[in-house]
Amino acid sequence: MAGRLTRRWSPSLLQVLRFPVVQLHMSRTAMRASEKDFENARNQLKLLTKDPGNEVKLKLYALYKQATEGPCNTPKPSMLDFINKAKWDAWNALGSLPKETARQNYVDLVSSLSPSSESSSQVKPAAANEKQPGSENIIVTSQDGITKIMFNRPTKKNAITTSMYKEIIHALKAASTDNSAITVFTGNGDYYSSGNDLTNFTDVPPNSIEETAKNASILLREFVDAFIDFPKPLVAVINGPAVGIVVTLLGLFDVVYASDKATFHTPFSELGQSPEGCASYTFPKIMGPAKAAEMLIFGKKLTAGEACARGLVTEVFPESTFQKEVWTRLKAYAKLPTNSLRISKELIRSNEKEKLHAVNAEESTVLQGRWLSEECMNALMNFVSRKSKL
Ligand SMILES: CCCCCCCCCCC/C=C/C(=O)SCCNC(=O)CCNC(=O)[C@H](O)C(C)(C)COP(=O)(O)OP(=O)(O)OC[C@H]1O[C@@H](n2cnc3c(N)ncnc32)[C@H](O)[C@@H]1OP(=O)(O)O
C-alpha cells in the first residue's frame, strides 16, 4: 500500500512532497508561521532523505491544501478510487481549520521531519512510546495512540508559567498532526493544576506594566485559540484539584474524567480578574446561567460529583482505581478509526468555532484591563506576601 500510494499520487502532490528539507529555526514565541516560513517548509521537503510514510504524506497533503485553498472544496471521490479518497478524507478531516493554523501545522510537521529538528523545536510530533524533549514542566509523551500532555511542576501545584503556556501551544500544534488518535491533559502530583502562576505578574518593572498586560492578553488569546482549533478528541484526566484557567478550559474539552478527590475552583472575583478560556460562553451553555454565575462570579468551589452533576465533568472515579480505569478506557478509545474521531468532533464543534474565537478575543481584552486594576494588583500582592490563600 505504501509504495502504491506514493507512486500513484498526482504530479502536483509530488511537488508538494518532494521539496527539500533544510533546518528550520522556528521561534517558539512566534507561533504563527509566515508565508516565508511556509515557503521554506515547502523547500525543506526537497532535502528529505527518508520517506516519511503515507500517513505523514497524507497529513502534509491535507495541511498544504488547507493552507492554500481553505476547507476541502472538491467532490468526494468514489469509494473505489482509494488514493484520491484517502487524500480527500485527510483534507476533509481538517474541517474549517483556519488557513493560518494549517500553515503553522504544516511548518511544524515539516520541521519535525528534519533530522536536526530537535534543536529547533521543544515539542515535536510524537512517535510511539516517545518522550518529547522539553522544559520538564510540561511533559509530552505518545503511546498507544494517545498523546499525553502532563503538567509537571508538582512542588508549585502545577501552576502555569509563561513559558509553559508557550510550550502547551506548541505541544497542541504538534499533537494535531502527530500519529495519535486522541490527546490527553493531566497533572503530576496531588494537583491537576493551580492555574495561572500568579508570579507571572509580580516581577514586572513599574514602567512596563501596561506592556506586560498587553503581552499577557495576546498570549492568553493564542493559548485558548489553540484549544478551540484543536482537531482531535481532547480529554482531561483530572487527578486532583483544578483552579482558574485549567477549569475554564474544560468547556473546550470533549471528555473530562475526574478522580473523586478533584475539585473545581474559579476564584476570579477574589483575584480581581474575570473569566477566560471561553467559560463566559461555555459554562452557561453547559450548566445553565445560574449555576455558571455561582462558579464564575462568586467563585463557588465544586466537588467532582457536583461538577459531574452540572455537566462539566463526564464521569467521576474513585481515587483508588482512577488511573487504571481511565487509561484502560482511553487506550480502547484510541484504537477507533482516527479520521472518524476527528470528523465526529468536527461535526460537534464546528458550528461554535467562530463564536468561540470572538468570545476568546473579548475575554482576553477584558482581562487586560483587569490586570491593570487596583483590585487585581492587591490580590497579587496578597498572594506574594502570603496574606491570602484560596
Ligand atoms: C507576559 C506575562 C505573563 C503572561 C501570562 C499569561 C496569563 C494568562 C492568565 C490567564 C488567567 C488565568 C487565571 C487563573 O488561572 S486564576 C487562578 C490562579 N491560581 C490561584 O489563585 C491559586 C493560588 N494558590 C493557592 O491558593 C494555593 O497555593 C493552593 C490552594 C493552590 C494550594 O495551597 P497549599 O497550602 O496546598 O499549597 P501551597 O500554597 O503551599 O503551594 C505550594 C507551592 O506552590 C506555589 N503555588 C501554588 N499555586 C500557585 C500559583 N497559582 N501561582 C504561583 N505559585 C503557586 C505556592 O506559592 C507554594 O510555593 P512555595 O513552596 O515556594 O511557597
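Residues numbered from 1 in each chain as written. Predicted model: local features only at pLDDT ≥ 70, side-chain atom pairs only at ≥ 80, totals over all residues. Heavy atoms only, no water.

- Under the annotation held in an unreviewed UniProt entry, the chain carries the name Enoyl-CoA delta isomerase 2 and is attributed to Urocitellus parryii.
- Taken verbatim from the UniProt record of the chain, the Pathway (unreviewed entry) comment is "Lipid metabolism; fatty acid beta-oxidation."
- Quoted verbatim from the Sequence similarities (unreviewed entry) field of the UniProt record, the comment on the chain reads "In the C-terminal section; belongs to the enoyl-CoA hydratase/isomerase family." (UniProt positions renumbered as here; feature names shortened; annotations may be inferred.)

### Looking at the packing of helix α10 (residues 279-287) against helix α15 (residues 353-371)
(1) Moving on: Where α10 meets α15, the axes come as close as 9 Å, and the angle between the chain directions of the two elements is 125°. Here α10 lies oblique to α15, going by the angle between them. Residues Ala279, Ser280, Tyr281 and Thr282 of α10 lie in contact with α15, whose contacting residues are Lys355, Leu356, Val359 and Glu363.
(2) Moving on: Looking at the contact of α10 with α15, its residues break down into four nonpolar, two polar and two charged. (Axes fitted to C-alpha atoms, helices over the stretch in contact; angles between N-to-C directions. Helix = DSSP H or I, 4+ residues; strand = E, 2+ residues; numbered from the N terminus. Parallel < 35°, antiparallel > 145°, perpendicular 65-115°, else oblique. Contact = heavy atoms within 4.5 Å. Nonpolar A, V, L, I, M, F, W, Y, C, P; charged D, E, K, R; others polar.)

### Here we look at the side chain of Gln66
(1) Moving on: As for its position among the elements, Gln66 is in helix α4 (residues 54-69).
(2) Moving on: Given a relative accessible area of 0%, Gln66 falls into the buried group.
(3) Moving on: Leave out the neighbours within four places in its chain, and Gln66 touches Pro71, Cys72, Trp91, Leu94, Gly95, Ser96, Leu97, Lys99 and Ala102. (Buried < 20%, exposed > 50% of the residue type's maximum accessible area, 1.4 Å probe, protein only.)

### Quick notes on the packing of α4 against helix α6 (residues 99-113)
(1) Moving on: The interhelical angle for the contact between α4 and α6, taken along N-to-C directions, is 145°, at an axis separation of 8 Å. Once α4 is placed against α6, the crossing between them reads as left-handed. Contacts between α4 and α6 involve Val56, Lys59, Leu60, Leu63, Tyr64, Gln66, Ala67, Thr68 and Glu69 from the first element and Lys99, Ala102, Arg103, Asn105, Tyr106, Leu109, Val110 and Leu113 from the second.
(2) Moving on: Split by residue class, the contact of α4 with α6 holds ten nonpolar, three polar and four charged. (Left-handed = near helix turned anticlockwise from the far one by under 90°.)

### Here's the deal with the packing of aromatic side chains
The geometry of an aromatic ring pair is captured by the separation of the ring centres together with the interplanar angle, meaning the angle of the planes.
(1) Moving on: On inspection of all chains with the given rule, the structure shows 13 aromatic pairs.
(2) Moving on: Within the aromatic cluster, the residues linked to one another by ring pairs are Phe151, Tyr165, Phe185, Tyr192, Phe223, Phe227 and Phe253.
(3) Moving on: Between Lys87 and the ring centre of Tyr61, over which it is positioned, the NZ or CZ distance is 5.1 Å. (Phe/Tyr/Trp six-rings, centres within 6.5 Å; stacked < 30°, edge-to-face > 60°. Lys NZ or Arg CZ within 6 Å of the ring centre and 35° of its normal.)

### Some words on the pattern of salt bridges
(1) Moving on: Counting across every chain of the model gives 14 salt bridges.
(2) Moving on: Among the salt bridges present, the one from Lys232 reaches Asp178, with a minimum N-O distance of 2.9 Å. Of this pair, Lys232 sits in the loop between α8 (209-228) and β5 (234-238) while Asp178 is found in the loop between α7 (162-177) and β4 (182-187), placing the two residues 54 residues apart along the sequence. The residues Lys232 and Asp178 share a single accessibility class, namely buried.
(3) Moving on: One continuous salt-bridge network, built from bridges that share partners, spans Asp254, Lys345 and Arg349. (Salt bridge = Lys/Arg side-chain N within 4 Å of Asp/Glu carboxyl O.)

### Re the pairing of β5
(1) Moving on: When you tally the buried positions in β5, you get five out of five residues, the bulk of the element.
(2) Moving on: Burial along β5 is two-sided: the face carrying Leu234, Ala236 and Ile238 and the face carrying Val235 and Val237 are both buried.
(3) Moving on: Sheet topology note: the β4/β5 ladder contains four bridges and is parallel. Note that in β5 the partner of Val184 across the bridge is Val235.
(4) Moving on: What joins β4 to β5 is α8, and the crossover it makes is right-handed.
(5) Moving on: Where β5 and strand β7 (residues 255-259) come together, four bridges link them in parallel fashion. (Pairing = 2+ DSSP bridges. Right-handed = clockwise from strand over helix to strand, strands pointing away.)

### Examining the side chain of Thr186
(1) Moving on: With respect to the element layout, Thr186 can be found in strand β4.
(2) Moving on: Since its relative accessible area comes to 4%, Thr186 is described here as buried.
(3) Moving on: Only 2.8 Å separates the side chain of Thr186 from the backbone oxygen of Val237, close enough to count as a polar contact.
(4) Moving on: Setting aside residues no more than four positions away along its own chain, Thr186 makes contact with Lys148, Ile149, Met150, Phe151, Tyr192, Val237, Asn239 and Trp327. (Polar contact = N/O pair within 3.5 Å; in protein donor to acceptor, adjacent residues only side chain to side chain.)

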